[in-house]
Amino acid sequence: MMESSQFDPLDHQHVRYNPLRGDWVLVSPHRLKRPWKGKVEKKEDKEVPRHDPKNPLSPRATRGSGKVNPDYESTFVFDNDFPAMLPDVPSPGPPSHPLLRSEAARGTCRVMCFHPRSDLTLPLMSVAEIRSVVDEWAKQTEELGQTFTWVQVFENKGELMGCSNPHPHCQIWTSSFLPNEPSLEVNSPECSEC
């Protein structure tokens with residue numbers, strides 16, 4: 001087969017190598033040009049107030065657990081009131097069947113507010129304020145990394161991504177095990193420099 005044009009990664013299908021998994025992934029960018037008849041979410045231009053005393057992440061607000069936030073002026077970190085991971089859980093014990101294996105998963109979940117103002121996002125903060133956020137990420141990662149195998153800092157943006165609160169914040173999750181994707185990276189000789 002003869003190639004009629006020069007390859008354009010934004011216009012021609014191709015496979016890309018995933019060094020974490022050691023496999024190939026199909027990429028079909030030209031499909032973005034097809035007519036779309038699926039659901040389109042409308043952007044809601046909700047105005048977020050500078051301070052919302054009813055927002056559970058705001059300074060001096062009461063959270064769902066009944067705890068009251070301090071009158072913080074920079075970053076503020078607290079244990080998630082409804083965590084996905086807990087530090088002390090019992091071990092499941094031996095399986096009743098070889099296909100039903102399970103092991104204990106322990107960890108913690110924290111919430112970190114970037115700023116006391118609800119109407120700011122990271123790109124709108126000053127460089128000094130952003131530096132405070134990054135410094136706190138490093139502090140949390142170092143502290144929690146002394147106890148747990150894995151520390152992950154992540155931010156969900158928008159309701160479609162699972163963010164239930166517009167206040168600028170992130171999650172800090174830890175676990176007693178290395179999740180699948182990072183485990184692949186650690187064990188992949190090709191990713192020694194990833």
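This text gives an overview of the structure that appears in the document. All values reported here derive from a predicted model rather than from experimental measurement. Each chain carries its own residue numbering, running from 1 in the direction its sequence is written. Note on the predicted model: pLDDT of at least 70 is required for a residue's local features to be given, and 80 or more for side-chain atom pairs to be given and counted; whole-chain, interface and lining totals, by contrast, use all residues. As a rule here, side-chain values cover all heavy atoms of the structure and leave hydrogens and water aside.

1. Regarding the overall build of the protein chain
Thinking step 1. The helix count covers DSSP runs of H or I at least four residues long, the strand count covers runs of E at least two residues long, and both are numbered beginning at the N terminus. When helices and strands are counted, the protein chain shows two helices and six strands.
Thinking step 2. Secondary structure of the protein chain in N-to-C order comes out as β-β-β-β-α-β-β-α.
Thinking step 3. Between the two quantities, the radius of gyration covers C-alpha atoms and the globule rule is 2.2 Å times the number of residues to the power 0.38. A compact globule built from 194 residues should have a C-alpha radius of gyration of about 16 Å, whereas the protein chain, at 22 Å, is more than 25% larger.
Thinking step 4. In terms of its C-alpha atoms, the protein chain occupies a principal-axis envelope of roughly 70 × 50 × 35 Å.
Thinking step 5. Working definition: with a 1.4 Å probe on protein chains only, accessible area under 20% of the residue-type maximum means buried, over 50% means exposed, and in between means partly exposed. In the protein chain, which comprises 194 residues, the share counted as buried stands at 26%.

2. Considerations on the pairing of strand S3 (residues 76–79)
The side chains of a regular strand alternate, first on one face of the sheet and then on the other.
Thinking step 1. Of the two faces of S3, only one is covered, namely that formed by Phe76 and Phe78; the face formed by Val77 and Asp79 stays uncovered.
Thinking step 2. A pair of strands is considered paired only if DSSP assigns at least 2 bridges between the two. For S3 and strand S4 (residues 109–113), the ladder comprises four bridges, and the chain directions are antiparallel. The residue of S4 that forms the bridge with Asp79 is Arg110.

3. As for the sheet that holds strand S5 (residues 150–154)
Thinking step 1. Within the open sheet, the four strands sit side by side as S3-S4-S6-S5. Their pairing is antiparallel. This sheet does not close on itself; its edge strands, each paired only once, are S3 and S5. Averaged over all neighbouring strand pairs, the angle between strand axes comes to 20 degrees, with direction disregarded.
Thinking step 2. Helix-sheet contacts for helix H1 (residues 127–145) involve S3, S4, S5 and strand S6 (169–175), and the interaxial angle to S4 is about 165 degrees. Think of each axis as a best-fit line through the C-alpha atoms, taken over the contacting stretch in the case of a helix, with angles from 0 to 180 degrees between the N-to-C directions. Contacts are residue-level and defined by heavy atoms, with any inter-residue pair within 4.5 Å sufficient.

4. Considering unusual backbone geometry
Thinking step 1. The phi angle at Arg60 is positive, at roughly 70 degrees, despite the residue not being glycine.
Thinking step 2. Within the fold, Arg60 resides in the loop between strand S2 (23–27) and S3.

5. Side note on the packing of aromatic side chains
Thinking step 1. Pairing of aromatic rings covers Phe, Tyr and Trp, the last through its six-membered ring, and needs centres within 6.5 Å; plane angles under 30 degrees mean stacked, over 60 mean edge-to-face, and all others mean tilted. Counting across every chain of the model gives five aromatic pairs.
Thinking step 2. Plain terms: the ring middles of Tyr72 and Phe76 are 5.0 Å apart, the flat faces sit at 20 degrees to each other, and that makes the pair stacked.
Thinking step 3. Accessibility expressed as a relative area gives 13% for Phe76, which makes it buried.
Thinking step 4. Placement of a positive charge over a ring is assigned whenever Lys NZ or Arg CZ falls within 6 Å of the ring centre and within 35 degrees of the normal to the ring plane. Sitting over the face of the ring of Phe78, Arg63 holds its NZ or CZ atom 3.8 Å from the ring centroid.

6. Let's talk about the side chain of His169
Thinking step 1. Of note, His169 is situated in strand S6.
Thinking step 2. Under the relative-accessibility criterion, His169 is labelled buried at 11%.
Thinking step 3. Under this definition, polar contacts are N or O atom pairs within 3.5 Å; protein pairs additionally need one hydrogen-donor-capable and one acceptor-capable atom, and for neighbouring residues in sequence, both atoms have to be side-chain atoms. Within the structure, His169 has its side chain in polar contact with the backbone oxygen of His167 (distance 2.6 Å).

7. Some thoughts on the nonpolar core
Thinking step 1. By size, the foremost hydrophobic cluster in this structure holds 10 residues: Met112, Phe114, Leu120, Leu122, Met125, Val133, Leu144, Val151, Cys170 and Ile172.
Thinking step 2. If you list the elements that add at least two residues to this core, you get H1 and S6.
Thinking step 3. The residues contacting Met125, other than those within four sequence positions of it, are Phe114, His115, Leu120, Ile130 and Val133.
Thinking step 4. Here, the term nonpolar core denotes a set of buried Ala, Val, Leu, Ile, Met, Phe, Trp, Tyr and Cys residues that are joined through side-chain atoms within 4.5 Å. Judged by nonpolar contacts, the second largest core, of six residues, contains Leu57, Phe76, Phe78 and Cys113.

8. Some remarks on the pattern of salt bridges
Side-chain pairs of opposite charge can arise whenever the charged atoms involved come near each other.
Thinking step 1. By convention in these notes, a salt bridge is any Lys or Arg side-chain nitrogen within 4 Å of a carboxyl oxygen on Asp or Glu. A full pass over the atoms with the stated rule returns seven salt bridges.
Thinking step 2. Between Arg60 and Asp71 there is a salt bridge, with its nearest N and O atoms 2.6 Å apart. Within this pair, whereas Arg60 is found in the loop between S2 and S3, its partner Asp71 is found in the loop between S2 and S3, the two being separated by 11 residues in sequence.
Thinking step 3. What makes Arg60 partly exposed here is its relative accessible area of 49%.
Thinking step 4. Relative accessible area serves as the criterion here: at 48%, Asp71 is assigned to the partly exposed category.
Thinking step 5. One network of salt bridges, with partners in common, ties together Asp79, Arg110 and Glu143.

Limitation: the analysis is restricted to geometry and does not speak to function.
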